[in-house]
Amino acid sequence: MAFFALILYTCFMKIFMRVSAPICAKALCLLCVVFSLFLSSCTKKLTPEQIELQRKQAIEQAKDKAVSDYVSALPREVKISQLFLVNIEGNERYHAVEKTGVLFGKPESGSPLVSGGVLLFSYNISNDPLETHEYISSIRDFYIKNQNIPPYISVDQEGGYVNRLRSLTSVLWAEKKVADTFSLDGAAQLYSAQARQMKNLGFHLNLAPVIEVENDENKDFLDTRSFGNLEKVLSYGKNCVLAYEENQIATVLKHFPGNSSTDPHSGLPEISVTKKEFEEYYLAPFKNLLPHASAVLMSHARLTITDDESYTESEIPACLSPYWVTQVLRNQLNFTGLIFSDDIFMGALSKNGYPPEKAVVSAIEAGINVIMLSEKKFGSVAKILLETATEKPEFAKKIDAAVEQVIRYKIKAGILDIKEAESAENDEIPQFTVEIHTDYPDFDLYTFHQDYKAGTDIFYE
């Protein structure tokens, strides 16, 4: 009908062009009104389902705005600190090792400088689960007391020799041994029991699993850290990810897009493959498992695709590469979760032209959300980000975008809440605010022992 209306409109216009201007103007106004009413009558009314969908979309937009407004209102030192995942001192009572003055050239002044996430190593873990929970609780208490956003608590708990909680939780074998020994259902039970114990202790995030496919080029480095071939990585990797995520422990898929047998602590891994090899054995695990995971961790590898002339980033480590971080992960694979750098203090970067002060800027430029450091102090590199953001407005926008990703994860993890600021009447869209989640669960010793037993009993089934 709209098509016929357009023809009618065209015919009238030809007639009006031949009459006097005053008559033409009046007639044209009348025609516009009639034409608008006609088109309105042709427009289909929205169904209740479509109206509900529009409302849900508007609510999500309102929530996104709340997150954006929350980040914009953060003090500069708090905002910049959200970008870091660092190690901390002690295992009884938490305390900060830097002050915010370091960001402004006055290291001894200011309030405590604390990171958006903390990474616990074995020396941060007590042999007593209750003591570990109390230590983790003290971290949150310290942050809130000093008017900071509570951190997410993470640990590198792959299994085997990468097992920071071996003195506390039930036995967790290396991925290779799990895939060679357990059924898929048994592996799921093993990882679920581990996740429940970690959650009870106060952890939010596990820097695992490794989902790289074992091959001749990386097996010396990966050793027992891979589930094995592509079939095992896809099946056991998926069960592992789902077991953790369904028990509220975020997973971090490692290490995109891959590694060689060069240890990145000392040198840059170099990968050279055809496009087909890359897609089938390097890209496939991440393409399949990213939709189930909360985060991914980039490798320091430099990758060359030998038969693709359009690929030109062979000289750039993956964690600093806009191609791998933004073009592939964000745009091609449509990943919406957190993207972590690997440790930017590793020798792989510093010995190959990327010292921390350069790497940290390149990482944010590439689209990284979280800068991981094995060090306890991050003020010196945070200062560089702050100064760069002050000088370059576009870089400041990238920092805000990265911080928004961190805040969204903290909402998902229950560290922060997004709440209706005021009740909406009738069909109005509510406004939202972001707040610190007030409830903090006590340690449940009985449940911990039950989950420990469940994780142990699997070995005897």
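Here, every reference points to the structure presented above.
Residues numbered from 1 in each chain as written. Predicted model: local features only at pLDDT ≥ 70, side-chain atom pairs only at ≥ 80, totals over all residues. Heavy atoms only, no water.

## Observations regarding the overall build of the chain
At step 1: Secondary structure summary: the chain contains 16 helices and 14 strands in total.
At step 2: Here the chain holds 461 residues, and 49% of them are scored as buried.
At step 3: Residue pairs in contact within the chain that sit at least 24 positions apart in sequence constitute 75% of those at least 6 positions apart.
At step 4: Just so you have it, the chain exposes about 22200 Å², and 53% of that area is on carbon and sulfur atoms. (Helix = DSSP H or I, 4+ residues; strand = E, 2+ residues; numbered from the N terminus. Buried < 20%, exposed > 50% of the residue type's maximum accessible area, 1.4 Å probe, protein only. Contact = heavy atoms within 4.5 Å. Areas by Shrake-Rupley, 256 points an atom, 1.4 Å probe, with all protein chains shown as cover.)

## Some thoughts on the environment of Asn 247
At step 1: Of note, Asn 247 is situated in the loop between α9 (230-245) and β7 (250-256).
At step 2: Note: C-alpha distance between Asn 247 and Arg 196 (51 residues apart in sequence) is 6.1 Å.
At step 3: Dropping the residues within four chain positions of it, Asn 247 is found in contact with Ser 192, Ala 195, Arg 196 and Lys 199.
At step 4: Reaching out from Asn 247, the side chain makes a polar contact with the backbone oxygen of Ala 243 at a distance of 2.7 Å. (Polar contact = N/O pair within 3.5 Å; in protein donor to acceptor, adjacent residues only side chain to side chain.)

## Looking at the sheet that holds strand β3 (residues 152-155)
At step 1: If you walk across this open sheet you meet the eight strands as β11-β9-β7-β6-β3-β2-β1-β12, and the pairing is parallel. Each of the sheet's edge strands pairs with one partner strand only, and the pair in question is β11 (338-340) and β12 (371-372).
At step 2: Looking at chain direction, strand β1 (residues 84-87) and β12 are connected through two bridges and run parallel. Bridge pairing links Phe 84 to Ile 371 in β12. (Pairing = 2+ DSSP bridges.)

## Let's talk about the packing of helix α3 (residues 48-73) against helix α15 (residues 393-412)
At step 1: Between α3 and α15, whose axes approach to 9 Å, the crossing angle comes to 120°. Of the two elements, α3 crosses α15, and the hand of that crossing is right-handed. Counting all contacts with α3, which are made through Asp 64, Val 67, Ser 68, Tyr 70 and Val 71, the residues of α15 involved are Asp 400, Val 403, Glu 404, Ile 407, Arg 408 and Ile 411.
At step 2: Across the contact of α3 with α15, the residue classes tally to six nonpolar, one polar and four charged. (Axes fitted to C-alpha atoms, helices over the stretch in contact; angles between N-to-C directions. Left-handed = near helix turned anticlockwise from the far one by under 90°. Nonpolar A, V, L, I, M, F, W, Y, C, P; charged D, E, K, R; others polar.)

## Re the packing of aromatic side chains
One pair of aromatic rings is described through two measures. These are the centre distance and the angle between the planes.
At step 1: Scanning the entire structure with this criterion turns up 17 aromatic pairs.
At step 2: For the pair Tyr 152 and Tyr 409, a centre-to-centre distance of 5.7 Å together with 85° between the ring planes defines the contact as edge-to-face. Remark: Tyr 409 occurs in helix α15 and Tyr 152 occurs in strand β3; sequence separation between them is 257 residues.
At step 3: Under the relative-accessibility criterion, Tyr 409 is labelled buried at 6%.
At step 4: Each residue in the set Phe 256, Phe 278, Tyr 282, Phe 286, Tyr 323 and Trp 324 is aromatic and connected to the rest through ring pairs, giving one cluster.
At step 5: Positioned over the ring face of Trp 173 is Lys 177, at 4.1 Å from the centre of the ring. (Phe/Tyr/Trp six-rings, centres within 6.5 Å; stacked < 30°, edge-to-face > 60°. Lys NZ or Arg CZ within 6 Å of the ring centre and 35° of its normal.)

Nothing here speaks to function; it is all geometry.
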